[in-house]
Amino acid sequence: MKSFVKTITLAASFLICASSFAQTPASAVNAATVKASAAASSAATSAGSTATNAASSATTATKAKVAAAGGAADKVWLNTKSNVYHCFGTKSYGTTKVGEYMSEADAKAKGGHADHGKACKAS
């Protein structure tokens, strides 16, 4: 993306300089060149910043965890690796690498304990 922006900036500067040179005296060419270069640089920086922000947003969206199918308000998600269960609506509900949905009583019967010691609220 950076090389594309540099190429566009260079091409814009060249075209602006060439058109300014053909129509104005030498002293005006230098002023026009400086202005054109500054404008092209500003546009390239803005375009690069926008592209960076868009890429950052896409990366953030990609990292968002998606809950496993099958969850419900009356079930907890038991992380079968750590033996910690997570309540419906919490950040880790259905999103750990390994686990399964079950009732809170079943999770406790399997030796599971609540995340941070907080039992789920009865709905």
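First, a word on what this report is: a plain description of the structure on this page. Note that this is a predicted model, so its numbers are computed, not measured.

Overview of the packing of aromatic side chains
Stage number 1. Applying the stated criterion across every chain, the model contains three aromatic pairs.
Stage number 2. Look at Tyr 93 and Tyr 101: their rings are 5.3 Å apart centre to centre, the planes differ by 50°, and that puts the pair in the tilted class. Grouping residues by exposure puts Tyr 93 and Tyr 101 together as buried.
Stage number 3. Among the aromatic residues, those joined into a cluster by ring pairs are Trp 77, Phe 88, Tyr 93 and Tyr 101.

Considering the layout of surface pockets
Stage number 1. Its boundaries defined by the atoms lining it, the largest pocket holds a volume of some 290 Å³.
Stage number 2. Together, 16 residues line the largest pocket, and Val 76, Cys 87, Phe 88, Cys 120 and Lys 121 are the ones closest to its centre.

A word on the sheet that holds strand E4 (residues 113-114)
Stage number 1. A sheet is described by the order of its strands in space; here four strands give the open sequence E3-E1-E2-E4, paired in mixed fashion. Each edge of the sheet is formed by a strand with only one pairing partner; in this case those strands are strand E3 (100-102) and E4.
Stage number 2. As judged from the three bridges shared by strand E1 (residues 76-79) and E3, these two strands associate in the antiparallel manner. Along E3, the bridge assignment pairs Val 76 with Met 102.

Re the pairing of E1
Stage number 1. Of the two faces of E1, the one carrying Val 76 and Leu 78 and the one carrying Trp 77 and Asn 79 are both buried.
Stage number 2. Examined bridge by bridge, E1 and strand E2 (residues 84-86) share three bridges and lie antiparallel to one another. By the bridge assignment, Asn 79 is partnered in E2 with Val 84.
Stage number 3. Between E1 and E2, which pair antiparallel and follow one another directly, the connecting turn spans four residues, one of which, Asn 83, has a positive phi of 65°.

Focus on a positive patch on the surface
Stage number 1. Together, Lys 65, Lys 81, Lys 91 and Lys 97 make up a positively charged patch on the protein surface.
Stage number 2. Take Lys 97: it is sitting in the loop between E2 and E3.

Regarding the pattern of salt bridges
Stage number 1. What the rule picks out here adds up to two salt bridges.
Stage number 2. Put simply, Lys 110 and Glu 100 hold a salt bridge, and the shortest N to O gap is 3.9 Å. Here Glu 100 lies in strand E3 and Lys 110 lies in the loop between helix H3 (104-109) and E4, a separation of ten residues in the sequence.

Reading the values: the criteria
Starting from 1, residues in each chain are numbered consecutively following that chain's sequence as written. Only residues with pLDDT of at least 70 get local features here, since the model is predicted, and only at 80 or more are side-chain atom pairs given and counted; chain-wide, interface and lining totals rely on the full set of residues. Derived side-chain values reflect all non-hydrogen atoms in the structure, with water molecules and hydrogen atoms excluded from consideration. What counts as a ring pair is set by centres within 6.5 Å for rings of Phe, Tyr and Trp (its six-membered ring), and what kind of pair is set by the plane angle: stacked under 30 degrees, edge-to-face over 60, tilted for all other angles. For every residue, the accessible area obtained with a 1.4 Å probe (protein chains only) is divided by the maximum for its type, and the residue is called buried under 20%, exposed over 50%, and partly exposed between those limits. Two kinds of site are reported from a 1 Å grid over the protein atoms alone, namely cavities, where a 1.4 Å probe fits but cannot get out, and pockets, open sets with protein on both sides within 12 Å along at least five of seven lines, and residues are called lining when an atom falls within 4 Å of a point. Grid points are joined across faces, edges and corners, and a volume is the space filled by probe spheres set on the points. The rule for pairing is simple: two strands pair if DSSP sees at least two bridges between them. A run of DSSP states H or I qualifies as a helix once it reaches four residues; a run of E qualifies as a strand once it reaches two. Both are numbered from the N-terminal end. Like charges within 9 Å and nonpolar side chains (Val, Leu, Ile, Met, Phe, Trp, Tyr) within 5 Å are joined into patches, using only residues over 30% in relative accessible area that form no salt bridge. In this description, accessible areas are obtained by the Shrake-Rupley approach with a 1.4 Å probe, and a residue is regarded as covered only by the protein chains that are shown. Note on definitions: salt bridges are taken to be side-chain nitrogens of Lys or Arg within 4 Å of carboxyl oxygens of Asp or Glu. Neither His nor the chain termini are counted; the positive set is Lys and Arg, and the negative set is Asp and Glu. Charge positions come from single atoms, namely NZ of Lys, CZ of Arg, CG of Asp or CD of Glu.

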